[in-house]
Amino acid sequence: MKLLVLPGDGIGPEITDATLAVLAAADRRFGLGLTYETMDIGWAAYHQTGTTLPDAVLDAARTVDGVLLGPISHLDYPPRNEGGVNVSAAFRTRLDLYANVRPARTRPGVPHRGTDMNLVIMRECTEGMYPDRNMHKGSGEFMPTEDIALSLRKITRPACRRIAIAAFELARRREKHVTAVHKANNFILTDGLFLEEVRAVASGYPDVRFDEYIVDAMAAWLVRDASRFDVIVSTNFYCDILSDLASELSGGLGLAGSINANETRCVAQAQHGSAPDIAGQGKANPTSLILSAAMLLDWLAEKSGASEPARAAQAINVAIDQALARVETCTPDLGGPLSTASFGKVVSDGLLREPS
């Protein structure tokens, strides 16, 4: 299996190195046959080529089995027409990676807020309220006068249907419960279309319990009792916010894995940003990217039918839980003493010790 490695900006190279160390241990134990190609994106690519996302990177992504994508400093990039491409958005739209899958679960020994939880947020990420992916040409955000700013929201029936199918298929492998989140009481047409399609899909899954929540009520319920939810599905903007909320409640964004996927391609990406304030200091927690890599292995197992990647993914999760359960094997954000690389080594060593 060949992976494309894109370290990204800020803490990206550090957490990528730690993740690669864990994957090497998984490869050694399970015989995954992993190979890698590393390319620059973000500021490193911009200084060399004048763009944060060279076309060659997307071309390479189309030929490999999966991608490991480090965090990016998109907010600091120059304008798009000057080479500052939002790498995450470009991957999602140009490779049609419509499903951004974001789990949030509490872990033994890790402080968290609210109730225990083990849920997954299924985010449609190719349209919605994001102006950089709503138009064939130009931006979906514009100013007709200096005192008026407008932004368009795009919701399409095919995108709603396929993210709903992805949510129900995932729920069938979990606790058989899907919750759709919307604001159809105000966004009558756009969220109404989303609900219409999700309800239609739900009718084909009689074995999966289905309910609906308005987005503001969902935010309140995640704080009050997140344990009642299994798979949450919604449009791009709502899930972007709710997934950060759920991850923070479950222990922090630094512990939250994520993939962007469709039926043929998958990109593993940490949920958090590039944290330039601590870049190069060895303080970053690599857990999010490590867990994202484990999710990529799970996806590869499902796609190929091979059992080894799934076993490796499970073993990585066990090793992460073991490391996080003791403060002395945590990084500084969790009160521990370990550097980024040292934490990666602890997880790698635990992975190799874990019995088959």
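For the structure itself, look to the data block above.
For the structure given in this document, a descriptive report is provided here.

Calculation notes
- Residues numbered from 1 in each chain as written.
- Predicted model: local features only at pLDDT ≥ 70, side-chain atom pairs only at ≥ 80, totals over all residues.
- Heavy atoms only, no water.
- Pairing = 2+ DSSP bridges.
- Helix = DSSP H or I, 4+ residues; strand = E, 2+ residues; numbered from the N terminus.
- Axes fitted to C-alpha atoms, helices over the stretch in contact; angles between N-to-C directions.
- Contact = heavy atoms within 4.5 Å.
- Right-handed = clockwise from strand over helix to strand, strands pointing away.
- Phe/Tyr/Trp six-rings, centres within 6.5 Å; stacked < 30°, edge-to-face > 60°.
- Buried < 20%, exposed > 50% of the residue type's maximum accessible area, 1.4 Å probe, protein only.
- Parallel < 35°, antiparallel > 145°, perpendicular 65-115°, else oblique.
- Left-handed = near helix turned anticlockwise from the far one by under 90°.
- Nonpolar A, V, L, I, M, F, W, Y, C, P; charged D, E, K, R; others polar.
- Core = buried A, V, L, I, M, F, W, Y, C linked by side-chain atoms within 4.5 Å.
- Expected span 1.5 Å × (residues − 1).
- Arc of directions from axis to C-beta.

1. Considering the sheet that holds strand S8 (residues 177-182)
Across a sheet, strands are paired by hydrogen bonds formed along the backbone, either parallel or antiparallel in direction.
Inference 1: Read from one edge of the open sheet, 10 strands run S2-S1-S3-S12-S11-S4-S5-S10-S8-S9, paired in mixed fashion. Here the strands that pair on one side only, and so sit at the sheet edges, are strand S2 (35-38) and strand S9 (209-214). Along the sheet, successive strands turn relative to each other by an average axial angle of 25°, direction set aside.
Inference 2: As paired elements, strand S11 (residues 259-261) and strand S12 (residues 266-269) share 3 bridges and run antiparallel to each other. Paired with Ala 261 across the bridge in S12 is Cys 266.
Inference 3: Each of strand S4 (99-105), strand S5 (118-124), S8, S9 and strand S10 (231-234) is contacted by helix H5 (residues 157-172), which is oriented at about 160° to S5, the strand it contacts most.
Inference 4: Packing against the sheet, helix H6 (residues 190-202) makes contact with S8, S9 and S10, and its axis sits at approximately 165° to S8.

2. Some points on the environment of Ile 121
Inference 1: Secondary-structure assignment places Ile 121 in strand S5.
Inference 2: A sequence separation of 112 residues divides Ile 121 from Val 233, and the C-alpha atoms of the two residues are 6.0 Å apart.
Inference 3: Each residue touching Ile 121, except ones within four places of it in the same chain, is listed here: Asn 100, Val 101, Arg 102, Ile 232, Cys 239, Leu 242, Ser 243 and Ala 246.

3. Points about the pairing of S2
Inference 1: As paired elements, strand S1 (residues 2-6) and S2 share 4 bridges and run parallel to each other. Looking at the pairing, Leu 3 lines up with Tyr 36 of S2.
Inference 2: Handedness of the β-α-β unit built from S1, helix H1 (residues 12-30) and S2 comes out right-handed.

4. Some thoughts on the packing of aromatic side chains
Inference 1: Counted under the stated rule, the structure contains 6 aromatic pairs.
Inference 2: Note on Tyr 213 and Phe 229: the rings are 5.3 Å apart at their centroids and 80° apart in plane angle, and the pair reads as edge-to-face. Here Phe 229 lies in the loop between helix H7 (215-225) and S10 and Tyr 213 lies in strand S9, a separation of 16 residues in the sequence. One exposure class covers both Tyr 213 and Phe 229, and it is buried.
Inference 3: An aromatic cluster is defined as three or more aromatic residues linked by ring pairs; in this entry it consists of Trp 43, Tyr 46 and Tyr 77.

5. Here we look at the packing of H1 against helix H9 (residues 287-304)
Inference 1: As a packed pair, H1 and H9 sit with axes 9 Å apart at the nearest point and diverge in direction by 45°. In terms of axis orientation, H1 runs oblique to H9. Handedness of the H1/H9 crossing: right-handed. Of the residues in H9, those in contact with Ile 15, Thr 16, Thr 19, Val 22 and Leu 23 of H1 are Leu 289, Ile 290, Ala 293 and Leu 297.
Inference 2: By residue class, the composition of the contact of H1 with H9 is 7 nonpolar, 2 polar and no charged.

6. Some words on the nonpolar core
Inference 1: Counting residues in each nonpolar core, the largest one holds 68 residues, and the members touching the most others are Met 122, Ile 316 and Leu 351.
Inference 2: Among the elements that make up this core, the one with the highest residue count is H9 (10 residues).
Inference 3: Other than its neighbours up to four places away in sequence, Ile 316 contacts Val 22, Ala 26, Ile 290, Ala 294, Leu 297 and Leu 351.
Inference 4: Listed in part, the 21 residues of the second largest apolar core include Leu 53, Val 57, Leu 58 and Ile 72.

7. Considerations on the side chain of Ser 234
Inference 1: Among the secondary structure elements, Ser 234 is positioned in strand S10.
Inference 2: Overall, Ser 234 belongs to the buried group, its relative accessible area being 0%.
Inference 3: Residue contacts for Ser 234: discarding those within four places in its chain leaves Met 122, Arg 123, Glu 124, Val 181, His 182, Phe 194 and Cys 239.

8. Structural notes on H1
Inference 1: Between the first and last C-alpha of H1 there are 26 Å, a value that for 19 residues agrees with the 27 Å anticipated at 1.5 Å per step.
Inference 2: For H1, the complete set of buried residues consists of Gly 12, Glu 14, Ile 15, Thr 16, Ala 18, Thr 19, Val 22, Leu 23, Ala 25, Ala 26, Asp 27 and Phe 30.
Inference 3: Structurally, H1 contributes buried residues whose contacts are with S1, S2, strand S3 (66-69), H9, helix H10 (308-324) and helix H11 (340-353).
Inference 4: Phi turns positive one or two residues past the end of H1, at Gly 31, with a value near 60°.

9. A short note on the packing of H9 against H10
Inference 1: Remark: H9 packs on H10, axes separated minimally by 7 Å, with the N-to-C direction vectors making an angle of 160°. Accordingly, the angle class assigned to the pair H9 and H10 is roughly antiparallel. For the element pair H9 and H10, the recorded crossing hand is left-handed. Contact with H9, carried on its side by Thr 287, Ile 290, Leu 291, Ala 294, Leu 297, Asp 298 and Ala 301, involves Pro 309, Ala 310, Ala 312, Ala 313, Ile 316, Asn 317, Ile 320 and Leu 324 of H10 and no other residues of that element.
Inference 2: Each residue belonging to the contact of H9 with H10 can be placed in one class, and the counts come to 12 nonpolar, 2 polar and 1 charged.

10. Notes on helix H8 (residues 236-250)
Inference 1: The end-to-end C-alpha separation of H8 is 21 Å, in line with the 21 Å expected for 15 residues at 1.5 Å each.
Inference 2: Among all positions of H8, only Asn 236, Tyr 238, Cys 239, Leu 242, Ser 243, Ala 246, Ser 247, Leu 249 and Ser 250 are buried. Looking straight down H8, one finds that the buried residues subtend no more than 155° of arc, so they occupy a single side.
Inference 3: Residues of H8 that are buried sit in contact with S4, S5, S8, H6, H7 and S10.
Inference 4: A positive backbone phi angle near 150° is found at Gly 251, which sits one or two residues after H8.

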